[in-house]
Every structure is written in C-alpha cells, then in structure tokens.
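Single-letter residue listing:
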Amino acid sequence: MATAPWYRLRRRLRRVFRRRTRREQRRLFQICVLLCVLALLPATWLQLSTEDRVRTVADVPAAPVGVVFGAGLWNGSPSPYLAHRLDTAVRLYRDGKIRALLVTGDNSRHDYDEPDAMRAYLVKRGVPERRIVRDYAGFDTWDSCSRARRIFGVHRAVLVSQGFHIQRALALCDAAGIDAYGVAVAEPHDVTWSYGALREILAANKAALDATFRPDPEFLGPRERGIEEALAADGDPR
C-alpha cells in the first residue's frame, strides 16, 4: 500500500530536525510558529472586526439594498449554495428588510451568466424585476463591494452569503465605504462547506491587502442609476 503523503512529509520533517542542533531545532520551531501566526492574522482580523454585524433574517437591521454574491451555476441555474443565498434574499424582501436587490457575479463568458440566472430565480419567487439590479462584473468579493459603492451608489446594505464567507464580504464592503450588516445563510457542514471555510483562510490574506490598498476593480465603468431607479419604482409602497 502506498505511503500517505502526510506520512512521508512527517518523516522528512523528522529528518530535517535530527540533522540540527537543539538550538537550531528550537529556532526552526519558533519560525514555523511565527509563520503560522502571521498566516492566521488576516482571518483573525476578519473575525474580530465583523462578528457583531452578522445577524439573522429576523434581527438584521433594515437597509435600502440587499447584495447577493454569486456562488456558481449548475447547467445555467444557481448552484445549491447560490440558491440558498437567493432564498434568503427573497425572505428579506418579503419581510420588508430590503427594498431593492443587487445581484453581483461573473459574466466573463457568453455561456456563463450568474447575474441573469440570479435575477430569473428571484423573479420566479415573486421579487419584481424592477427591484433587481445586475452587476455583471462581480468577479470577486472586492470587485463586487467596490462596484456596489462606486458604480451603483450603494451606501447601506444587507449582505447575503454563507457563514464562511459573510465576514470577508462585510470587511471588504466596509473598506469600500458601505455601511453593511450580513445575514449568514445556514448550511450543513459537509465537504463543500469545509472546503469553503478552508479557502476563506487563504482568501483572508487577499482581503487584507484589498482593504488596505483599495485597488480599482477589474472593470470600473460609468456610474449606473439602476439602484436609484429600483428604490424609486412606482407602485410599491415600500
């Protein structure tokens, strides 16, 4: 039976330590610990800076706009994770917590269109088309947050995403100038969830850089009035 990769790695590390003096071993161990701490600092920053802004549908403060981040398509339709985000957005709209929705995702190819798929899903569940605005250039979380503020003029919002992602979204929207609260969509802690949580540890490092340097999104473009028009839509008393 083939030796497991982790076991081979452990044996190699043991050999490295055996070839060094005790002082060198201690120094190497300290360096490893320091690197681990530094790697986890951005994730810790996300946790501490946003934990008081993660709420439920029931207790999240109302805001003019809900922002739903893309999470992939399956055969042209929202993936289960994305569908759960959209279902939560529908509840927020029905409960009067939000008045318009900005759906932001990837449309970098003709055969892949997250925002249109998200809008179609919402419309089927009773959200009026005039209340849904699409951002076709939300290629990552920073781009979505930056464009929401700079292109669509969003100042206050409720963000919708899974628990492993919502804190990064909140931190980046705050850096972009949006006063936001987040609703963490509940998911079973399966393999997909675990992968997403692990990925967030790595993504936190990029988020720290984006929040610090605030680069332009990949596509900026002119100001759009879609959110203003959605909030001023006639015939809706909200």
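A quick note: this is a predicted structure, and the numbers were derived from the prediction, not measured.

**Q** Describe the overall build of the protein chain, and please don't skip the residues or the numbers.
**A** Scanning the protein chain from N- to C-terminus turns up 8 helices and 8 strands. By the burial criterion, 42% of the 238 residues in the protein chain qualify as buried. Across the protein chain, contacts joining residues at least 24 apart in sequence account for 74% of those joining residues at least 6 apart. Carbon and sulfur atoms make up 55% of the accessible area of the protein chain, which totals about 13600 Å².

**Q** How would you explain the packing of aromatic side chains if you had to name every residue and give the values?
**A** Centre distance and the angle of the planes are the two values used to describe a pair of aromatic rings. Using the criterion set out here, one finds 2 aromatic pairs in the structure. On the numbers, 5.8 Å between centres and 65 degrees between planes, the contact of F139 with F219 is edge-to-face. In this pair, F139 is assigned in the loop between strand 6 (132-135) and helix 5 (141-150) and F219 in the loop between helix 7 (191-213) and helix 8 (226-231), connecting sequence segments 80 residues apart. Across from the ring centre of Y181, 4.6 Å away, lies the NZ or CZ of R53, which sits over that ring. Stacked on the ring of Y121, the Lys or Arg R125 has its end atom at 3.4 Å from the ring centre.

**Q** Which residues make up the packing of helix 5 against helix 6 (residues 163-176), and what values go with them?
**A** Interhelical geometry of helix 5 versus helix 6 gives an angle of 40 degrees and a closest axis separation of 9 Å. Considered as vectors, helix 5 and helix 6 are oriented oblique to each other. Relative to helix 6, helix 5 is oriented so that their crossing is right-handed. On helix 6, the residues that touch T141, W142, C145, S146 and R149 of helix 5 are H165, R168, A169, L172, C173, A175 and A176. Of the residues in the contact of helix 5 with helix 6, the class split is 7 nonpolar, 3 polar and 2 charged.

**Q** Requested: an account of the nonpolar core, with residues and values cited.
**A** The biggest cluster of nonpolar side chains holds 27 residues, and the ones touching the most others in it are L102, V154 and L159. For this core, the elements supplying multiple residues, two or more each, are strand 2 (65-69), strand 5 (100-104), helix 5, strand 7 (156-162), helix 6, helix 7 and helix 8. Here the element with the most residues in this core is helix 6; it accounts for 7 residues. Apart from residues lying up to four places away in sequence, L102 is in contact with V65, G66, V67, V68, V133, R134, D135, A148, F152, V154 and I227. Core analysis: the next-biggest nonpolar cluster, separate from the first, contains 26 residues, V57, V60, A117 and L122 among them.

Conventions used here
Residues numbered from 1 in each chain as written. Predicted model: local features only at pLDDT ≥ 70, side-chain atom pairs only at ≥ 80, totals over all residues. Heavy atoms only, no water. Helix = DSSP H or I, 4+ residues; strand = E, 2+ residues; numbered from the N terminus. Buried < 20%, exposed > 50% of the residue type's maximum accessible area, 1.4 Å probe, protein only. Contact = heavy atoms within 4.5 Å. Areas by Shrake-Rupley, 256 points an atom, 1.4 Å probe, with all protein chains shown as cover. Phe/Tyr/Trp six-rings, centres within 6.5 Å; stacked < 30°, edge-to-face > 60°. Lys NZ or Arg CZ within 6 Å of the ring centre and 35° of its normal. Axes fitted to C-alpha atoms, helices over the stretch in contact; angles between N-to-C directions. Parallel < 35°, antiparallel > 145°, perpendicular 65-115°, else oblique. Left-handed = near helix turned anticlockwise from the far one by under 90°. Nonpolar A, V, L, I, M, F, W, Y, C, P; charged D, E, K, R; others polar. Core = buried A, V, L, I, M, F, W, Y, C linked by side-chain atoms within 4.5 Å.

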